[in-house]
Amino acid sequence: MSNLSCGIVGLPNVGKSTLFNALTKKGAQAANYPFCTIEPNVGIVPLEDHRLEVLSKISKTKNIVPAQVTFVDIAGLVKGASQGEGLGNQFLANIRETDAIVHVVRCFEDPNVIHVSGRVNPIDDIEVINTELVLSDLQMIENVITRLEKQVKSKKELQATVDTLKKVYQALNQGQPARSVDLSEEEKQLIKTYPMITSKKVVYACNIDEQTLSSMTNQYVEQVKEYAKKENSSSIVLCAKLEEELAQLDKEEAKEFLNTLGLSDTGLNRLIKESFKLLGLITFLTTGDIETRAWTVQMGAKAPEAAGKIHSDLEKGFIRAEVINYEDFVACNSRSNAKEQGKARMEGKDYIVKDGDVILFYHN
């Protein structure tokens, strides 16, 4: 996974497209009526990482390439989406393709912004969406089980897959997401080819109004946090409207504006970091005169796998990796100084890459 992708879901008018505009500065259409978003909008967003600029100065780099996250703005789902209500199935298919879900929940009152069910109730809103996602998975699994059961007669080895799918089906049938089912690694592998929406990890993004920014909480936010905790998901609080305003400013102005509000980081950056954390992703760095770059790998990845992110030939021909800790690299002010001061280590195939490692790969 060289590029993390997140599907943004939520009921119509909860602030999804506003958040998406801010994320991508793409100006996806945001309007005060349901079904404003018909085709999913896709935006690629860099993960801000101050380490790249520091390394780039040391290496006198021509080019900086940050890690990236792809955000897919899925149209406002409504009750009955899994049955094709609204613009149903087409959007559910878009979510299947993503790595994680950002579920935007309205946590503000505003008489000028219509609420799809006429009143603000974040838990009801979450459950409407989650029910649709569960129903969509249920339908998909039912079809797969029916198909596989016909094949089992001649291919006995498929029985274990059918049994695992039935286990998941049972949970879905009780309204539980697929991620709540306790599966062994072997079982997970068996059903890997049937991507379920409800097996994806979720970040609940509590969208607050500007009046709530000073405290970053209200009764709705607390309800969502509690809900997320119960299902082992994570939650963050942001104000989509503020994020959209910040996105129009340059870096320095945005920083000043945040300071006046007593905030140290944008909600978007926190959202991207939370998505990385949720999926157990880290970044390692490469630097030289041509480019300084962040690469995304799964936590626990070994050096050859990290090399493969750069090019498959590097993984195949991997000999060793020269690793310098980011802080050491900065303190020594160059790769050659780091070597002289004994801060560069030669690591082999079993080395587990750490976040912020500055690596040079040797290969044949």
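Residues numbered from 1 in each chain as written. Predicted model: local features only at pLDDT ≥ 70, side-chain atom pairs only at ≥ 80, totals over all residues. Heavy atoms only, no water.

A.B. asks: Even after reading the chapter, I still don't get the side chain of Asp137, so can you show me in this structure?
C.D. replies: Inspection of the secondary structure puts Asp137 in helix H4 (residues 122-152). A distance of 3.0 Å separates a polar atom in the side chain of Asp137 from a polar atom in the side chain of Arg96. Of note is the side chain of Asp137, whose polar atom sits 3.0 Å from the backbone nitrogen of Ile197. Among all residues touching Asp137, those that are not within four sequence positions of it are Arg96, Leu172, Met196, Ile197 and Thr198. (Helix = DSSP H or I, 4+ residues; strand = E, 2+ residues; numbered from the N terminus. Polar contact = N/O pair within 3.5 Å; in protein donor to acceptor, adjacent residues only side chain to side chain. Contact = heavy atoms within 4.5 Å.)

A.B. asks: Got a minute to help me understand the packing of helix H1 (residues 16-24) against helix H8 (residues 240-247) in this structure?
C.D. replies: The description of two packed helices rests on the angle between their axes and on the distance between the axes. For the pair H1 and H8, the least separation of the axes is 8 Å and the interaxial angle reads 25°. Considered as vectors, H1 and H8 are oriented roughly parallel to each other. As H1 runs across H8, the sense of the crossing is left-handed. Along its contact with H1, which presents Thr18, Leu19, Asn21 and Ala22, the element H8 presents Ala240, Lys241, Glu243, Glu244 and Ala247. (Axes fitted to C-alpha atoms, helices over the stretch in contact; angles between N-to-C directions. Parallel < 35°, antiparallel > 145°, perpendicular 65-115°, else oblique. Left-handed = near helix turned anticlockwise from the far one by under 90°.)

A.B. asks: I tried to follow the pairing of strand S4 (residues 68-73) on my own but got confused; where do I start?
C.D. replies: Working note: regular strand, side chains alternate between the two faces of the sheet. With five of its six residues buried, S4 lies for the most part within the structure. Of the strand pairs in this sheet, strand S1 (residues 4-9) and S4 are connected by five bridges, and their pairing is parallel. When the sheet's bridge partners are listed, Gly7 is paired in S4 with Val72. Bridging between strand S2 (residues 41-46) and S4 involves six bridges; their strand directions are antiparallel. Pairing of Ile44 across the sheet is with Thr70, part of S4. (Buried < 20%, exposed > 50% of the residue type's maximum accessible area, 1.4 Å probe, protein only. Pairing = 2+ DSSP bridges.)

A.B. asks: Whenever I open this one, the side chain of Ser334 confuses me. Can you help?
C.D. replies: With respect to the element layout, Ser334 can be found in the loop between helix H13 (326-332) and helix H14 (335-340). Within the structure, the side chain of Ser334 is placed 3.2 Å from the side chain of Ser336, a separation counted as a polar contact. Those residues in contact with Ser334 that sit more than four places away from it in its chain are Ile58 and Phe329.

A.B. asks: Could you clarify how one ought to interpret the layout of surface pockets in this entry?
C.D. replies: Unoccupied space between atoms shows up once a probe the size of one water molecule is rolled over them. Reported here for the largest pocket is a volume of approximately 1,200 Å³. Lining the largest pocket are 42 residues, with Leu47, Glu48, Asp49, Lys251 and Asn269 positioned closest to its centre. Of all the secondary structure elements, the ones that give two or more residues to the lining of the largest pocket are H1, S2, helix H2 (50-59), H8, helix H9 (251-260), helix H10 (267-278) and strand S8 (281-287). By volume, the second largest pocket amounts to about 1,000 Å³. In terms of lining, the second largest pocket is formed by 25 residues, of which the most central are Lys188, Lys192, Ser199, Lys200 and Lys201. Among the elements that make up the lining of the second largest pocket, the one with the highest residue count is helix H6 (residues 185-190) (three residues). Of the residues that constitute the lining of the second largest pocket, the class distribution is 12 nonpolar, five polar and eight charged. (1 Å grid on protein atoms, 1.4 Å probe; cavity = no way out; pocket = protein on both sides within 12 Å on 5 of 7 lines; lining within 4 Å. Points joined across faces, edges and corners; volume = space filled by probe spheres on them. Nonpolar A, V, L, I, M, F, W, Y, C, P; charged D, E, K, R; others polar.)

A.B. asks: What should I look at first to understand H9 in this one?
C.D. replies: Quick reminder: α-helices carry 3.6 residues per turn. Residues three or four places apart thus point the same way. Measuring from the side-chain oxygen of the N-cap residue of H9 to the backbone nitrogen of Glu252 gives 3.1 Å; that N-cap residue is Asp250. One or two positions beyond H9, positive phi appears at Gly262, with a value near 75°.

A.B. asks: Would you explain empty space enclosed by the protein in this entry?
C.D. replies: What the rule picks out here adds up to one cavity of 30 Å³ or more. Of the voids in this model, the largest cavity is the one considered here, and its volume is about 40 Å³. Lining the largest cavity we find Leu213, Met216, Leu238, Cys239, Leu242, Glu243, Leu263, Asp265, Thr266, Gly267 and Arg270. In the lining of the largest cavity, the residues fall into six nonpolar, two polar and three charged.

A.B. asks: Explanation requested: the packing of aromatic side chains in the structure shown.
C.D. replies: For any pair of aromatic rings, geometry is given as the distance between the ring centres together with the angle between the planes. Per the stated rule, a full pass over the model turns up four aromatic pairs. Ring plane angle 15° and centroid distance 6.5 Å describe the contact between Phe284 and Trp295, whose orientation is recorded as stacked. Separated by 11 residues along the polypeptide, Phe284 in strand S8 and Trp295 in strand S9 (residues 291-298) bring together distant segments of the chain. Classification of Trp295 as buried rests on a relative accessible area of 10%. With 6.0 Å between their ring centres and 90° between their planes, Phe284 and Phe361 make a pair best called edge-to-face. Placement of Phe284 in strand S8 and of Phe361 in strand S12 (residues 357-363) is noted, with a sequence separation of 77 residues between them. With relative accessibility at 0%, the residue Phe284 sits in the buried group. (Phe/Tyr/Trp six-rings, centres within 6.5 Å; stacked < 30°, edge-to-face > 60°.)

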